Each structure stands twice: as C-alpha cells, then as structure tokens.
Amino acid sequence: MIGIGVLRGMGVTFKTFLETYPWGRGLLRALRIPTTNGLVTVEYPDVKQQHHERFRYFPFLVYDQTPDNLRCVACKICEQECPPACIHIIGPAKDEQGRPAKAHGRTYPVEFDIDISVCMSCRICVDVCPFDAIEMDNQYELSGFDRFGQMVFNKDKLLKPNDYFQRIKPTEAATVDARLAAKKK
Amino acid sequence: MNSQTHPIETELLEVSLGPQHPSTHGVFRMNATLDGETIVKLKPVMGYLHRNHEQIGEGITYIASFPFTDRLDYFCAMSNNFGLALAIEKLGGIAVSERGEYLRVIMAELTRLINHTAVTGFLLNDMGAFGTPLLYAFREREKILDLFEAASGSRMMCNYVRPGGVREDVPEAWLERAEKLVDGYPAFLDEFEKLLTENEIIRQRCQHVGILPKELAINASATGPLLRASGVDYDIRKVDGYSIYSRFNFRVPLGTVGDVYDRYYVRILEMRESVKILQQALKEIPTGAAISPKGLAMVKAPRTFRPPKGEAYGRIESPKGELGFYLVSDGTPQPYRYHIRAPSFVNLTILEDMCLGHKVADVIIILGSIDIVMGEVDR
Ligand code: SF4
Ligand code: SF4
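Bear in mind the structure is a predicted one, so any value in this text is a computation, not a measurement.

A. Fine view of the sheet that holds strand β8 (residues 335-341) of chain B. Residue and element names in this part refer to chain B. Read across the sheet, 3 strands follow the order β6-β7-β8 without closing on themselves; strand pairing throughout is antiparallel. Edge strands, defined here as strands with exactly one partner in the open sheet, are β6 (310-318) and β8. Taking the axes of each pair of neighbouring strands and ignoring which way they run, one obtains an average angle of 10 degrees across the sheet. Of the pairings in the sheet, the one linking strand β7 (residues 321-329) to β8 comprises 6 bridges and is antiparallel in character. Looking at the pairing, Leu 327 lines up with Tyr 338 of β8. Where helix α4 (residues 77-92) meets the sheet, its contacts fall on β6, β7 and β8, and the angle it forms with β6 comes to roughly 150 degrees.

The following block contains the structure:
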C-alpha cells in the first residue's frame with residue numbers, strides 16, 4: 001500500500017525523538033523497545049568535549065626545568081620538512097667570536113616562529129625531530145584578530161615545560177622520556 | 001484565438017547553478033540550458049578549488065605529500081593516504097608489516113562506512129528531506145571519526161597511513177572499541193533503510209532518474225559505486241587484489257538499472273560488505289610492529305628515501321571509485337612527477353549525459369548521487 005514506507009520512516013524519526021528525552025527513554029523502556037541515549041551533541045563552548053590523548057592541533061617546544069634548557073638544538077630539520085613551510089628558525093645562536101653559543105651543553109635557536117594560520121596540524125615536525133624537542137599540543141582555541149601579532153607564535157609562546165607534556169599526553173611523554181634517558185647513558 | 005493558431009514563442013534559458021549554491025557540493029558551477037524546466041544542455045565548470053596539489057607534491061618529499069592527500073577528498077583521508085602509500089611502496093620496494101596491512105584495511109573500510117553514510121545523508125538533503133537523514137548519518141559518522149581521533153590524533157585530517165604500515169600503532173583497547181562499533185553498525189543500517197529504502201517519496205524521486213547505461217559508464221571510465229550501480233562488476237579490491245583484500249570474503253553488490261536509486265542502494269549494500277570485511281579483519285589482526293623498519297626509517301628521515309629512477313602507479317578502490325597515484329622518480333628525494341587520478345573528477349564528466357531530458361530539480365539529486373567532493377575534483 002502506498003504510504004506505508006513513509007509511515008515506517010516516521011516511526012524511526014519518532015523513536016529518535018523520544019530517545020532524546022528522559023521520559024521518552026522511560027516510555028520506550030516500558031514498551032520494551034531497545035533504546036540508547038539520543039543526546040549526542042555538547043553545548044560548546046559551555047561544555048567541552050574530552051579529547052583523546054593523541055589529539056593534535058599545534059606544535060610546541062619542550063623544555064626541561066627552565067625555559068633556557070630547551071631541547072631544540074636549532075638543527076632546522078623540521079623547518080626543512082614542514083610541508084607548508086610554516087616554521088621559521090634563526091640560529092643556532094652564536095657568541096661574540098662567532099662560535100656556536102651553548103646553553104646546558106647544547107646549541108639553541110635565536111628565533112623560532114611557527115605560523116598557526118599556515119600550520120596544517122600534520123605532526124611531521126614531531127616525527128622528524130631527532131631530539132624530541134617539538135611535540136603536538138591539544139589547545140585548539142587559538143583564533144585571533146591580528147594576523148601577525150597573534151597568529152605567528154614566537155619562541156616564548158611556543159615553549160612549554162615537560163610537565164605540561166606529561167600532563168596532556170602521559171603515554172607518549174613516558175616513551176619520550178624513556179628514550180631520552182636511554183640516549184643519555 | 002491567436003494563441004490557439006500560433007504556438008507560443010519560447011526561448012531557451014541559461015541558468016548558472018553555483019558556484020556557491022548550497023546543493024552543488026562545494027564550489028562547483030553548472031551552466032544549464034533549460035527549455036521550460038527541462039535540461040537541454042549542461043556544462044560543468046570546475047576549477048574554483050584548485051590548490052596546485054600536484055605541483056606542490058613535486059617540490060616536497062614523498063612523505064610530506066601525505067597531509068595534502070588528506071585534503072583531497074576530505075571525507076576519506078585514510079583511504080587517500082592508503083593510495084599514496086601503495087604507490088610509494090611500489091616505487092621504492094618497501095615491504096609492509098603484517099599488522100600494518102590489517103590496520104590499513106580496517107581504516108580504509110571504516111572510511112568507506114563514513115563516506116557512504118554521509119553521502120546518502122547529503123543525497124536526501126538534496127532531495128528535500130532536509131536535515132533528518134543527514135543528521136542520522138552524521139551521528140554515526142561521528143562515532144567512527146572518534147575512533148580515528150583516538151588512533152591518529154585527528155578526526156578528518158588523519159595523516160596516518162605511511163609506506164610500510166601506519167605511523168603508530170593504535171592505542172590500547174582501540175580494536176575492542178572498533179569491534180563494538182562495527183558489530184553495532186548493521187543495526188544502524190537497518191534503521192536507516194527503514195527510514196529510506198521503502199519510502200515512496202524517495203522512490204518516486206529517484207527511480208528511473210539519471211540513468212547511466214552500462215556502455216556509457218564503461219566508455220567514460222566511471223568507477224566506484226556509480227559504475228557498479230549500472231551493473232558492471234568492477235571493484236579494484238577484487239580485480240587488483242591489492243594489499244590483503246584477497247584474504248577476505250566479501251561480495252561486490254551490483255545495480256540493475258543504473259538510476260539514482262540504484263546508486264543509493266548499492267552504497268547501502270556496500271556498507272554491509274564493508275562490515276563483513278571489518279569483522280574478519282578485526283578478528284584476524286596479528287600482533288607485531290605496525291610499520292616495517294624501512295617504512296619507519298622513512299618516517300623519521302624523509303630525505304633519506306631516494307627511490308630508484310622509474311615510475312609507479314598505485315591505485316585503490318576508494319569509496320568514490322578508482323583513486324590512483326602516479327609517481328615518477330628521478331632518484332632524488334622528491335618526485336619528478338606526481339599525478340592523481342581522482343574518481344570524483346572522472347565521474348563528474350558524464351554529468352551532462354545523465355541529466356539531459358530531466359528537470360532542474362533532478363539535476364541536483366543526480367549530482368548528489370555521483371558523490372563528488374570538490375577538493376578531489378580540483379586538486
Ligand atoms: S625542533 Fe627538533 S628538528 Fe626542529 S630545529 Fe629543533 S631540534 Fe631540530
Ligand atoms: S604540524 Fe605540520 S604544518 Fe604544523 S608546523 Fe609541524 S610540520 Fe609544519
């Protein structure tokens with residue numbers, strides 16, 4: 001009979017409608033119809049979704065203890081490999097005689113800029129960095145009005161402590177720490 | 001009296017649909033010539049989303065092209081990665097780890113579920129069933145995207161598959177979660193079909209609309225569900241047997257008429273087959289490394305990979321059809337030539353033949369039934 005298909009379809013819609021209300025779910029349960037929680041969205045920005053540990057958005061530079069003890073040695077591999085070329089590094093730093101300056105036994109970059117409006121969150125910089133100096137952050141609310149003032153992150157803005165890395169990505173940070181400890185030996 | 005003796009003078013009307021029309025699936029324009037409401041000529045205009053993808057690929061390392069392939073067909077990032085990985089493996093003779101093979105197939109089939117669910121929702125949207133089917137589709141899609149985020153770190157721009165396997169192994173308990181989702185998927189498909197398949201309005205809108213005859217489909221090198229809906233048994237997973245698809249037991253659903261309805265239904269059936277593949281793959285997946293040593297070396301240092309001079313063509317059955325990557329190497333770390341055979345682009349070329357003689361409103365659903373993504377058409 002014409003119209004049966006449409007009515008059946010409406011049955012599905014009606015069931016989904018009921019599932020979004022507690023009383024509706026109660027009614028469905030009373031009728032012994034299998035039901036699920038029909039509420040699948042969250043009211044951003046009041047409620048924020050819990051992201052998975054691997055969620056990546058934008059890179060940051062890791063330092064141990066103090067900001068001048070950053071792991072980056074300014075080898076520029078990430079700058080070379082970044083597909084949209086949004087990393088810009090000046091360095092490694094030199095002292096007055098023109099020899100490489102060192103902090104904590106390592107060379108370090110003078111400037112380290114990443115343009116967040118160009119970065120495509122690909123994680124290739126993290127994969128290629130031989131020193132585990134750069135990692136992916138899960139901060140995603142980075143919009144702003146000023147193209148160069150707010151969208152280009154400089155070294156100060158990029159530097160974050162290892163504790164922070166430990167906190168947002170415990171599993172990955174643990175493997176990185178183990179790898180670095182093995183390297184030191 | 002006059003109007004009965006002299007026929008009314010009519011004129012053909014040219015209408016430009018798009019490029020920002022909500023139902024043209026991205027920045028795509030159709031120049032339609034109408035006689036009344038009937039299409040007599042239709043010219044697709046492409047190129048609004050051209051991003052120079054192939055040229056960029058020739059200036060960067062092989063690995064660095066992966067994030068760009070995510071943005072080709074942004075619904076199917078995982079299978080796009082897969083296609084490029086196959087081409088690179090052929091070019092450089094890279095072995096793939098066993099677990100990597102399985103994970104890739106799992107990801108590619110999950111992508112097929114996402115794509116077919118979403119495109120069905122969009123098709124219904126174009127038909128005027130505004131919102132409801134699309135949101136049902138997106139609700140399910142979101143669950144799979146959640147799995148993708150857990151594995152790769154990103155919902156849509158996954159950048160996960162690599163030559164030799166996948167970039168990193170899936171996290172703990174991921175396979176169990178995937179299994180649960182896959183087992184629950186047929187129930188959703190049943191519900192979705194209850195909503196749509198028997199619906200009389202949908203049948204009247206779709207049946208015998210936009211028929212693509214078998215011969216024309218073959219001559220125009222259409223691929224994917226579009227071709228199979230016309231009754232041609234051609235699925236690269238079967239004919240090419242790439243990766244490990246020959247190990248799985250699945251069927252290739254075919255249509256009979258080749259109209260919009262068949263295209264819709266073939267996609268539903270294909271999803272059911274994908275569920276079968278996924279169940280087998282999730283059961284059989286071995287433990288071990290997710291990427292082979294050579295692949296891992298390439299991930300860590302992309303510039304050390306210098307394939308010998310030569311060329312390679314890697315192709316997959318992407319949800320939209322044959323997605324091929326053609327690479328020419330001159331022995332440097334960057335490809336000398338990088339070309340993509342995009343299924344959406346080739347399938348779109350027969351839009352006019354399907355639309356002639358139909359009404360304007362049908363053009364929209366015929367376009368929707370081809371399943372195009374402009375990111376892939378224009379590259
Ligand atoms: S972040 Fe890593 S790859 Fe980039 S310059 Fe610093 S040490 Fe080198
Ligand atoms: S995530 Fe990708 S695009 Fe962003 S800085 Fe790193 S390599 Fe460049």
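B. Just helix α7 (residues 174-196) of chain B, in detail. Compared with the 33 Å implied by 1.5 Å per residue over 23 residues, the 32 Å span of α7(B) between its first and last C-alpha is a close match. Where α7(B) is concerned, the buried positions are Trp174(B), Leu175(B), Ala178(B), Leu181(B), Val182(B), Tyr185(B), Phe188(B), Leu189(B), Phe192(B), Glu193(B), Leu195(B) and Leu196(B). Among the structural elements, α1 (4-19) of chain A together with α5 (98-127), α6 (132-152), α8 (200-206) and α12 (260-284) of chain B are those in contact with the buried residues of α7(B).

C. Spotlight on α6(B). Residues and elements named next belong to chain B. Across its 21 residues, α6 extends 30 Å between first and last C-alpha, which sits within 8% of the 30 Å expected from 1.5 Å per residue. Burial of α6 is extensive: 15 of the 21 residues sit out of reach of the surface. In the segment just after α6, Gly 153 is the residue with positive phi, at about 100 degrees.

D. Here's a closer look at the packing of aromatic side chains. Residue and element names in this part refer to chain B. Summed over all chains, the structure comprises 21 aromatic pairs over all chains. Between Tyr 62 and Phe 305, the ring centres sit 5.4 Å apart and the planes meet at 85 degrees, which makes this aromatic pair edge-to-face. In this pair, Tyr 62 sits in the loop between α2 (53-57) and α3 (66-70) while Phe 305 sits in the loop between α13 (293-300) and β6, placing the two residues 243 residues apart along the sequence. For the pair formed by Tyr 62 and Phe 305, the shared burial category is buried. Between Tyr 242 and Tyr 245, the ring centres sit 5.2 Å apart and the planes meet at 70 degrees, which makes this aromatic pair edge-to-face.

Quick notes on the rules
Residues numbered from 1 in each chain as written. Chains lettered and ligands numbered in written order. Predicted model: local features only at pLDDT ≥ 70, side-chain atom pairs only at ≥ 80, totals over all residues. Heavy atoms only, no water. Pairing = 2+ DSSP bridges. Helix = DSSP H or I, 4+ residues; strand = E, 2+ residues; numbered from the N terminus. Axes fitted to C-alpha atoms, helices over the stretch in contact; angles between N-to-C directions. Contact = heavy atoms within 4.5 Å. Expected span 1.5 Å × (residues − 1). Buried < 20%, exposed > 50% of the residue type's maximum accessible area, 1.4 Å probe, protein only. Phe/Tyr/Trp six-rings, centres within 6.5 Å; stacked < 30°, edge-to-face > 60°.

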